[in-house]
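Notes for the structure review
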Amino acid sequence: MRTTPVCQIDRLDMIPAQGGRKESRFPVTTHLLVEMWQAPFGVLARAEEVEQALRFSGNGSGTRGEVIVYQFQPYGVSAKATFGDAHIFIHTWPENGYAAVDIFAADEEGAYSILERMQQAFRPSYIHVVEVKRGNLISEGET
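Residues numbered from 1 in each chain as written. Predicted model: local features only at pLDDT ≥ 70, side-chain atom pairs only at ≥ 80, totals over all residues. Heavy atoms only, no water.

Remarks on the nonpolar core
Membership of the largest hydrophobic core comes to 31 residues, with the highest contact counts inside it found for Val34, Met36, Leu54, Ile90, Ile103, Met118 and Phe122. If you list the elements that add at least two residues to this core, you get β3 (29-37), α1 (41-45), α2 (47-59), β5 (77-83), β6 (86-93), β7 (98-105), α3 (108-122) and β8 (126-134). Filtering out sequence-adjacent residues up to four positions away, isoleucine 103 remains in contact with Thr30, His31, Leu32, Val34, His87, Ala111, Ile114, Leu115 and Met118. (Core = buried A, V, L, I, M, F, W, Y, C linked by side-chain atoms within 4.5 Å. Buried < 20%, exposed > 50% of the residue type's maximum accessible area, 1.4 Å probe, protein only. Helix = DSSP H or I, 4+ residues; strand = E, 2+ residues; numbered from the N terminus. Contact = heavy atoms within 4.5 Å.)

In structure tokens form, the structure reads like this:
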């Protein structure tokens, strides 16, 4: 039995350059779009479990931060967690063992630290990640 989830990461380096504008690489945030498959039903189904997993994912200790959860009936959860300069949004479909997650963090290292802890907390068998640098600044250049 596999203990480490398969994790595929795609990086989108989209920096727009239009007209005479020069591109510059100063992203405001790293955004990870995460899909988790084959996570345990019990972890994805109940708001309390998702909240506990998000608290651990956000800072590793389960303390601090704000977590707001919504419990669907008969099961499934949507939640938002805020930890300083990091934000996590999650929507679960426990009947499919699936969760869609957005991680916004001030830097790449912080985003991937959250992702690592999410892997531990949610225990999926497969993860697909798309990394997007958000908020790239464009400066005016010669035309």
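Details of α2
Helix length check: α2 (13 residues) gives 19 Å between terminal C-alpha atoms against 18 Å at 1.5 Å per residue, within 8%. Those residues of α2 lying buried are Ala47, Val50, Ala53, Leu54, Ser57, Gly58 and Asn59. In this structure, the buried side of α2 is in contact with α1, β4 (66-71), β5, β6 and α3. Immediately beyond the C-terminal end of α2, within one or two residues, lies glycine 60, with a positive phi of roughly 80 degrees. (Expected span 1.5 Å × (residues − 1).)

Topic: the pairing of β8
With 7 of its 9 residues buried, β8 lies for the most part within the structure. In terms of strand pairing, β3 meets β8 through 9 bridges, oriented antiparallel. Counterpart to tryptophan 37 in the pairing with β8 is tyrosine 126. (Pairing = 2+ DSSP bridges.)

Describing the packing of α2 against α3
Across the interface, α2 lies against α3 with an axial gap of 7 Å and an inter-helix angle of 150 degrees. Considered as vectors, α2 and α3 are oriented roughly antiparallel to each other. At the point where α2 passes α3, the crossing takes the right-handed sense. Contacts from Val50, Ala53, Leu54, Phe56, Ser57, Gly58 and Asn59 of α2 reach α3 at Ile114, Arg117, Met118, Gln120, Ala121 and Phe122. Residue composition of the contact of α2 with α3, grouped by class: 8 nonpolar, 4 polar and 1 charged. (Axes fitted to C-alpha atoms, helices over the stretch in contact; angles between N-to-C directions. Parallel < 35°, antiparallel > 145°, perpendicular 65-115°, else oblique. Left-handed = near helix turned anticlockwise from the far one by under 90°. Nonpolar A, V, L, I, M, F, W, Y, C, P; charged D, E, K, R; others polar.)

Some remarks on α3
Helical geometry: 3.6 residues make up each α-helical turn, so side chains three or four residues apart lie on a common side. With 15 residues, α3 should cover 21 Å at 1.5 Å per step; its first-to-last C-alpha distance of 21 Å lies within 8% of that length. For α3, the set of buried residues is Ala111, Tyr112, Ile114, Leu115, Arg117, Met118, Ala121 and Phe122. Remark: arginine 123 follows α3 within two positions and exhibits a positive phi of approximately 50 degrees.

Let's talk about the environment of phenylalanine 89
Considering the arrangement of structural elements, one finds phenylalanine 89 in strand β6. For phenylalanine 89, a relative accessible area of 30% gives the class partly exposed. Between the C-alpha atoms of phenylalanine 89 and valine 67, which are 22 residues apart in sequence, the distance is 9.7 Å. Excluding residues within four positions of it along the chain, phenylalanine 89 makes contact with Ala79, Lys80, Ala100, Val101, Asp102 and Phe104.

Remember, this is a structural readout, not a statement about activity or role.
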